[in-house]
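Fold and contact review
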Amino acid sequence: MIELKNTSLLRCSILFLMISCSLYLDAQVTIVPAPVSVKMSKGEFTITPQTTFILEGSNLENSVAFFNDYLQKNYGFQLKTSGKHSKGNSIVLNYERLDKNIPGAYNLQVNGKEIYIAGDNEEGVFYGIQTLIQLLPIKKSSSLNIPQLSIEDYPRFEYRGMHLDVARHIFSADYVKKYIDWLALHKINKFHWHLTDDQGWRIEIKKYPKLTETGSCRNQTLVGRYGSDTYDGTPYCGYYTQEQVKEIVQYAAKRYITVIPEIDIPGHTVAALTSYPYLGCSKGPYKVMETWGVSPDVLCAGNDSTYTFVENVLDEVMKLFPAPYIHIGGDECPKENWKTCPVCQKKIRDEQLKDEHELQSYFTKRIEKFVNSKGKKIIGWDEILEGGLAPNAVIMSWRGEAGGIAAARQNHYVIMTPENPLYINHSQTRNEDSVTQGQYNPIENVYNYDPVPKELTVQQAKYIMGAQGNMWSEYLDNEKKLEYMLFPRLAAVAEVLWTAKQNKNWNEFEKRLPAILNRYAFQGINYSTAYYDLQPSVTQISNGIIGWKLDARKQDGHIIYVTDSTMNATKTYSGPVMIDKTGNYGAALTDNDNKIVSNWVWQHFNLNLATGKPIRLITPPNKNYSVGGSFSLVDGIQNEKGMLRSAQFLGFNGKDMEAVIDLGAEQTISEIVLHAFEQKGSWIYKPAAVSFFSSNDGINFQPIEVPVIVAGTKNLLYSALTTTRTRYIKVLAKNNGIIATGEPGAGNPSWLFADEIEVK
Ligand code: ACM
Ligand code: ZN
C-alpha cells in the first residue's frame, strides 16, 4: 500500500491525529460518512455481471440483497452468490473480531482479485457494503471500476438517528421505505417515526378504530406560512395499516435500522381527542387541527380512563415495533386546561403533587411504569424533565442542549436533537423561495455540530447515546420537497453521527460535496443546490448610494449578475453592484466553464429619497430581530409576498420604534411611507399609532399629516401625502402594548415589526 498524495502525507505527519488523509483528494473516493482510515493503492478492481459473492459467514443475505438491489436499480444487473472456495473475481463477505465498543465496525479491502469485507457482525458487513456502493462510478455500465484501497471504519455513536413526521403530511409506505434506504446508505441505524399529532393520527389501532376513521383526516390544511389564515378547503387523510407498519419495520430491520415509533402524549393529541372526546378535560367537541403550532387541548391527566386508553394504544404499538424504546413525546403540553379541570386538580391533590408540571411528570412516570413492565424503555422530549424525570427515561434534547446536559448529569441517557442545528426542516438557504419553517440552518451548521456538550465531564458524556436529525413535515407537502430539505444535509448529519471526531472537518467535507451531490443526482434524488447559492447583502457605498454585495461560499468559478429581469446582459461581478434604479436585480454563481451551478437570487430594489441615507434609532430593536440594524429601514428592500421574512424587519418587543432620517439637505417631499407587519399568531401586532414629523435642525420636530393605512392586512403600509420642506424626517410607531385578553399571546408585550421607510 502506498499513499497517493504527497500533500496528504505531509498533512498526516503534521496532524498526527488525522488518521485518514488522502481519500478526500481522490476524485472517486468521496465516502459519506467519512471513514476512520482509507489507504489508497495503485490499480483497480472491476465489478461485472460475472463477479460473484462469496459468503464466508452466515446471515449475510441482507447485505447481498441490498447491494444487488442497488446494482439492479442503478446499473441494470445483479451478482450471483457462489460456493465458498470458488476462485476468481469476487466479493468476499466475512466476520472478524474487530474489538470496537460500538457494533458496526468493518474493514474493506480491494485488490486486483477481490473485494474483501469483514464486519464484526452483520451490521458491520452491511456498512462495508454501503461504503462499497460509494466507490462505484456514477455512470451506468456493466463494468464498474473501483480503486484498490484498504478501509478501516467504525461508528462514533451507537444512536445514529433520523426522524420523520408523518402527522402533518403523510408519505406513502413505499416512500417511507425509500427514506429508510437513504438512511441505510448513510449508515444511520435509528428511524424515529413521528406517527401522531394534532393534525393527524397515522397508525391503525385495532382497539380504537376511530383514531384512524376520524383522527386521520383533517378537513383542510393551511396554505402558506404559519399565520396565513388561508386554507385549501381540501380534506387531507391517511394512515398506515398495522400490516404496512410490520412490513416497514421488517424492511428497516434488513437494513439494520431500528424503527422507534412516537405516540406523542399528553400534548399534540387533538387528533386523538377528536376521535374520542372523553379523553380531554372539556370533553370536546374537538377538530383535527388544520394549522400548525401548539394546541391548548391535551389529554386529561386526571381521568383514569385516559391512562387505560394510552396503555391499550401503547400495548398494540409495542407489539408492532421490536425496538427496545418507545417514544412517548411529552413536548409542548400547555397546562391551562389542567389548571381548571376538576378531575386534573383532584389528581394533583390525591397524588400530593405540587403543580401541573408535576402532574405531567406523574403522567409520564405512570406510563413509563407500564412500558417498563413490557420490557421496554421510554424516550421523551426534554419537557419530561420538568416536574421530575421518570426513573428510566431517555431524554431527547430539542430545545437546545440544556435538557440533555441536565439529564446526563442525572445519569440519564440522552439523544441530542437541538433544534438549531439538527432540525432539517429549517431553511438551508437565505434565498429560499418555497415555504419552510423559517430560520436558517445551512449545511455547515449541521456539519459542525458536536453531540457531546463541552459542559459534561468524561463520565457524564458517556450518557450521550448519539444524536438525530429531525424532519418535521408541516411544509413538506410532497416527496420532492422532502428530498430537497433532506439532501445534502443528510450527509452532514451522517458525519455528525458516525465520523470520528478527529476526521470531522468542514473544509474536507466541502471538497467532497460536489462529488456527493453528483452521486445524489445519479441516484435520482432531488437534492438542494443551496450550498452554491450566493449570500447577498446590501451595503452603503456612500451617503444615499447603496450597493448589492454578493458572496459565494464556493470560491472557484465566478459570480454573474443582471440589472433587470430581461437577463439580456449578464455582467461579471467584481464588487458591490451599485443600485441606481428601482427594479429587479439578479445574480448567480458559475463554475469555471461558465455553467451556472447555483439558483438565481433575485432582489427587487425600490429607491426613494430615504434610500441609503443616514438613519438613527432612538430605541434599539430586540437583538433577535435586528439583522442589518437601522440601515435595514432604508436599504431599498421591502418585505414582499405577505410572508414574515424576519431578516428584513426590525422587531421591538413591547417598545416603540422611533427613527430619524437625515435627507442631507432641505427639500420638498410629497409622501412618507412606513412598512410594518402584523401576524397575531406570532404575537406581532400592528402599531397602536404611527406619526411622522419634519425638522430642519434635527432637534425640533413638527408633526406632518396623519398617515393612513393604505394597504394590507399583514404587510401594512402607512402613508401620509404631504407638501413639506424638510431635511430630517422622524417616524414614530407606537407599540400595541400588552396583548389583550382573547388574542394570541394575551398578557405578553406585543412585538412591533417595522420594515422600510420611504420618502418621496
Ligand atoms: C418538538 O419540536 N416539538 C419536539
Ligand atoms: Zn383534566
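These notes cover the structure that comes with them. From a predicted model like this one, the values you see are computed outputs, not experimental measurements.

This next bit is on the sheet that holds strand β7 (residues 144-153). Each strand in a sheet pairs with its neighbour through backbone hydrogen bonds, running either in the same direction (parallel) or in the opposite one (antiparallel). Overall, mixed pairing links the seven strands, which are arranged β1-β7-β5-β6-β4-β2-β3 in an open sheet. Where the open sheet ends on each side, the last strands, each with one partner, are β1 (37-47) and β3 (80-82). Direction aside, the axes of adjacent strands within the sheet are offset by 25° on average. When strand β2 (residues 52-55) meets strand β4 (residues 90-95), the two strands line up parallel, connected through four bridges. Within β4, the residue paired with isoleucine 54 across the bridge is valine 92. Its contacts with the sheet put helix α3 (residues 122-135) on β2, β4, β5 (106-110), β6 (114-119) and β7, and the angle it makes with β5 is roughly 40°.

Glancing now at the state of the cysteines. This structure, assessed with the given rule, holds one disulfide. Note that cysteine 217 is cross-linked by a disulfide to cysteine 237, the S-S spacing being 2.0 Å. Between cysteine 217 and cysteine 237 the disulfide shows an S-S torsion of about 115°. By sign, it is right-handed. In this pair, cysteine 217 sits in strand β12 (residues 217-218) while cysteine 237 sits in strand β13 (residues 236-237), placing the two residues 20 residues apart along the sequence. Classification of cysteine 217 as partly exposed rests on a relative accessible area of 27%.

On to the environment of glutamate 386, then. Mapping glutamate 386 onto the fold places it in the loop between β16 (377-381) and β17 (394-397). Exposure remark for glutamate 386: the relative accessible area of 29% places this residue in the partly exposed category. The sequence separation of glutamate 386 and serine 542 amounts to 156 residues, and the corresponding C-alpha distance is 53 Å.

Thresholds applied
The residue numbering used here restarts from 1 in each chain and proceeds along that chain's sequence as written. A letter from A marks each chain and a number from 1 marks each ligand, given out in the order of writing. Per-residue local features of the predicted model are confined to residues with pLDDT of at least 70, and side-chain atom pairs are confined, for both listing and counting, to 80 or more; whole-chain, interface and lining totals are unaffected and use all residues. Water and hydrogen atoms play no part in the side-chain values, which are based on all heavy atoms of the structure. Two strands are said to pair when DSSP picks up at least two bridges between them. Secondary structure elements follow DSSP: runs of H or I no shorter than four residues count as helices, runs of E no shorter than two count as strands, and numbering proceeds from the N terminus. Fitted lines through C-alpha atoms give the axes, limited to the stretch in contact for helices. The angle between two N-to-C directions lies from 0 to 180 degrees. In what follows, residue pairs with any heavy atoms lying within 4.5 Å of each other are defined as contacts. Disulfide: a pair of cysteine sulfur atoms within 2.5 Å of each other. Only protein chains enter the accessibility calculation, which uses a 1.4 Å probe; a residue is then buried when its area is under 20% of its type maximum, exposed when over 50%, and partly exposed in between.

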